[in-house]
Amino acid sequence: MSSLAFLGAMLFTANPAIAQTPPPATTSTTTTTTSSDGTVSQYGPDTIVVKTSTSTDPATYSYSKTTTYVDENGNTVSSETVKSGSPVTIYYTQDGDKMVATKVIVRKTTTTTAPTP
């Protein structure tokens, strides 16, 4: 067999092996951040319980050292500003069956007074 025919036979048998190699697998993860408005009914060492107007059951959020706390203007505030009765907006991600707060906006409590007759 000539060397040119041998080279052609080698190329012909090598191509199917290359074509059969599957591409590397890729995976992607999507994280969705959701927000919820309500009033804090309980603030514990690792959870915030919030009563919302959209549900009869309060929502429980966990938080961590990376959770940020800000006021309505976006200024950083201490986590100690979150108290029972505080109106808040909580941005959270879903981690399995847990809702994990990533950002808590503490809004000012508004009070209205009725005029005296």
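Please refer to the structure placed before this passage.
Residues numbered from 1 in each chain as written. Predicted model: local features only at pLDDT ≥ 70, side-chain atom pairs only at ≥ 80, totals over all residues. Heavy atoms only, no water.

K.L.:
I keep staring at the nonpolar core and nothing clicks. Help me out?
P.N.:
If you look at soluble globular proteins, the nonpolar side chains tend to sit buried side by side. Core analysis: the largest hydrophobic core is formed by 15 residues, its most contacted members being Ile48, Tyr61, Val88, Ile90 and Val104. Looking at this core, the elements that each hand over two or more residues are strand 2 (47-51), strand 3 (59-62), strand 5 (87-95) and strand 6 (98-106). In terms of residue count, strand 6 provides more of this core than any other element does, four residues in total. Setting aside its immediate chain neighbours within four residues, tyrosine 61 contacts Ser36, Asp46, Thr47, Ile48, Val50, Ile90, Tyr92, Met99 and Ala101. (Core = buried A, V, L, I, M, F, W, Y, C linked by side-chain atoms within 4.5 Å. Buried < 20%, exposed > 50% of the residue type's maximum accessible area, 1.4 Å probe, protein only. Helix = DSSP H or I, 4+ residues; strand = E, 2+ residues; numbered from the N terminus. Contact = heavy atoms within 4.5 Å.)

K.L.:
Can you help me understand the pattern of salt bridges in this one?
P.N.:
In a structure, side chains of opposite charge can pair up when their charged atoms sit close to one another. Following the criterion strictly, the structure yields one salt bridge and no others. Aspartate 37 is the salt-bridge partner of arginine 107, the closest N and O atoms lying 3.6 Å from each other. Taken together, the residues arginine 107 in the segment after strand 6 and aspartate 37 in strand 1 (residues 33-43) connect sequence positions 70 residues apart. Residue classification places arginine 107 among the partly exposed residues on the basis of a relative accessible area of 27%. Note on aspartate 37: relative accessible area 47%, which makes it partly exposed. (Salt bridge = Lys/Arg side-chain N within 4 Å of Asp/Glu carboxyl O.)

Nothing here speaks to function; it is all geometry.
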